[in-house]
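Fold and contact review
The primary structure of each chain is shown beneath.
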Amino acid sequence: MAASTIRPSDGSARRAAVDRRVFAAVEVLLAAGTGYPELSVGTIAEAAGVARSTFYVHFADKTELLVRLAEETTEDIFAAAYEWTDRVPDPADTGAHRLALRDTCARIVADYRRHRHVLDAVQAATGYDGTVASFWFERIEAFARHAADRMRIAQKLGLIAADVDVDELAHMSAWAIERTVTQSVAHRGPEHDDALVDALTRGLWLLTFGDAPSGR
């Protein structure tokens, strides 16, 4: 009788709580300087306060853990990027659109900085783990495809030159942001972040809208 009173959502909540503990433990271990390949399941489970058997109930292996951790830690980064691309630009007020772009770049850089140890591990894993590499490539490419669709709207409004191949432009822009922010955050301190945001904003704006016939 007692079992029938358990709400189906209770199990999901418990599962999510364990996931969060494991994710947090990995971030702490990585921040302490341990490379992801050197982290054992036992070490992760102990740091998270869960049994090894519980770990394997939640994650098939360390590769699945890293992919899901990457999804979790980049959720806000991609949310910011999608939010800006989904704005319908106003040809009469491109200034507001540019200010929104700067805000988006600032959010992306701040979130990269916040989760840089995880993202460093993901970047390293793309070189030796095909599953992680495929996940990360498709994550960026999915955004690039979406951005290209939105760029076509701006192109019809005359904000992007008619002869621009927006698919290639979106592809290049997405990977340029990923590489630039990743390398800057990994190798330079936070005192450079404001300048990075300014450079990203200017570069992306000119790259996208700089040769539009309206000159806006």
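See the structure shown above.
Each value, and the rule that gives it
Residues numbered from 1 in each chain as written. Predicted model: local features only at pLDDT ≥ 70, side-chain atom pairs only at ≥ 80, totals over all residues. Heavy atoms only, no water. Helix = DSSP H or I, 4+ residues; strand = E, 2+ residues; numbered from the N terminus. Polar contact = N/O pair within 3.5 Å; in protein donor to acceptor, adjacent residues only side chain to side chain. Contact = heavy atoms within 4.5 Å. Phe/Tyr/Trp six-rings, centres within 6.5 Å; stacked < 30°, edge-to-face > 60°. Buried < 20%, exposed > 50% of the residue type's maximum accessible area, 1.4 Å probe, protein only. Salt bridge = Lys/Arg side-chain N within 4 Å of Asp/Glu carboxyl O. Axes fitted to C-alpha atoms, helices over the stretch in contact; angles between N-to-C directions. Parallel < 35°, antiparallel > 145°, perpendicular 65-115°, else oblique. Left-handed = near helix turned anticlockwise from the far one by under 90°. Nonpolar A, V, L, I, M, F, W, Y, C, P; charged D, E, K, R; others polar.

A short note on the side chain of glutamate 178
Mapped onto the fold, glutamate 178 is located in helix α9 (residues 166-187). Side-chain polar atoms of glutamate 178 contact the side chain of glutamine 123, separated by 2.6 Å. In this structure glutamate 178 touches Tyr112, Gln123, Trp136 and Ile140, once residues within four positions along its chain are discounted.

Some details on the packing of aromatic side chains
The description of an aromatic ring pair uses the distance of the two centres, along with the angle that the planes make with each other. Tallied over the entire structure, the rule returns eight aromatic pairs. Where phenylalanine 135 meets tryptophan 136, the ring centres are 6.2 Å apart and the plane angle is 50°; that geometry is what we call tilted. Judged by relative accessible area, phenylalanine 135 falls into the buried class, the value being 15%. Residue classification places tryptophan 136 among the buried residues on the basis of a relative accessible area of 2%. Each ring, one from tryptophan 205 and one from phenylalanine 209, has its centre 4.4 Å from the other, and the planes form 50°; the classification is tilted. Note that tryptophan 205 and phenylalanine 209 are positioned in helix α10 (residues 193-209) at a spacing of four residues, about one turn of the helix. Owing to a relative accessible area of 6%, tryptophan 205 belongs among the buried residues under this scheme.

A few points about the pattern of salt bridges
Evaluated as defined, the whole model comprises 12 salt bridges. Linking glutamate 64 and arginine 68 is a salt bridge whose minimum nitrogen-to-oxygen distance equals 3.3 Å. Of this pair, glutamate 64 and arginine 68 both sit in helix α4 (residues 62-73), four residues apart, roughly one helical turn. We classify glutamate 64 as partly exposed; its relative accessible area is 28%. When the shortest N-O distance is used, the salt bridge between arginine 179 and glutamate 178 registers 2.8 Å. Each of Asp19, Glu64 and Arg68 takes part in a single network of salt bridges with overlapping partners.

Examining the environment of valine 166
Mapped onto the elements, valine 166 comes out in helix α9. Sequence spacing of valine 166 and arginine 150 is 16 residues, and the spatial spacing of their C-alpha atoms is 9.2 Å. If we ignore the near neighbours within four places in the chain, the residues touching valine 166 are Ala148, Met151, Arg152, Gln155 and Ile160.

Side note on the packing of helix α5 (residues 75-85) against helix α8 (residues 130-156)
Each pair of packed helices gets described by two things: the angle between the helix axes and the distance between those axes. With their axes 9 Å apart at the nearest point, α5 and α8 run at an angle of 15° to one another. Judged by the angle between their axes, α5 and α8 are roughly parallel. For the pair α5 and α8, the crossing hand works out as right-handed. For the pair α5 and α8, the contacting residues are Glu75, Phe78, Ala81, Tyr82 and Thr85 in the first and Trp136, Arg139, Ile140, Ala142, Phe143, His146, Ala147 and Arg150 in the second. By residue class, the composition of the contact of α5 with α8 is eight nonpolar, two polar and three charged.

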